[in-house]
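Chain by chain, the residues:
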Amino acid sequence: NISTTAVSQIKSEKLLNIFPNPNDGRFTLSFNVDDKSSYTIQILNELGQAVVNEVVSNFKGTYSKDVNLAEYGRGVYSVRITNAGNETVKKVITF
């Protein structure tokens, strides 16, 4: 018997907005969720190291945060939003 486990993706187009993208290291990160849950927001550099790591507990609604990655330098970063069993990842480019 082969068992598979799927990680369902949170409605990424509705959920996770990054603007502007590409950017100079400063951007706004926002998402909207209908289900009350605890969400982990991570921004990872190209080495997979978390440069931003935030947990919002028992959250439902619209989240918005101004982010400044200028101190970390240019590159491609991964923005990852997770909750129990769901994950959404989008790339952000800084120049």
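Residues numbered from 1 in each chain as written. Predicted model: local features only at pLDDT ≥ 70, side-chain atom pairs only at ≥ 80, totals over all residues. Heavy atoms only, no water.

With respect to the pattern of salt bridges
Where charged atoms from two side chains of opposite charge approach closely, those side chains can pair. Summed over all chains, the structure comprises three salt bridges. Across the salt bridge formed by Asp24 and Arg26, the nearest N and O atoms sit 2.5 Å from each other. (Salt bridge = Lys/Arg side-chain N within 4 Å of Asp/Glu carboxyl O.)

A few points about the nonpolar core
Ranked by size, the top nonpolar core spans 21 residues in total, and within it Phe27, Leu29, Phe31, Ile43 and Leu69 carry the most contacts. Those elements that provide at least two residues to this core are strand E2 (26-44), strand E3 (50-68) and strand E4 (75-83). Examining the composition of this core, we find that seven residues originate from one element, E2, more than from any other. Not counting the four nearest positions on each side in its chain, Ile43 is found in contact with Phe27, Gln49, Ala50, Val51, Val52, Val67, Leu69, Tyr77, Ser78 and Val79. (Core = buried A, V, L, I, M, F, W, Y, C linked by side-chain atoms within 4.5 Å. Buried < 20%, exposed > 50% of the residue type's maximum accessible area, 1.4 Å probe, protein only. Helix = DSSP H or I, 4+ residues; strand = E, 2+ residues; numbered from the N terminus. Contact = heavy atoms within 4.5 Å.)

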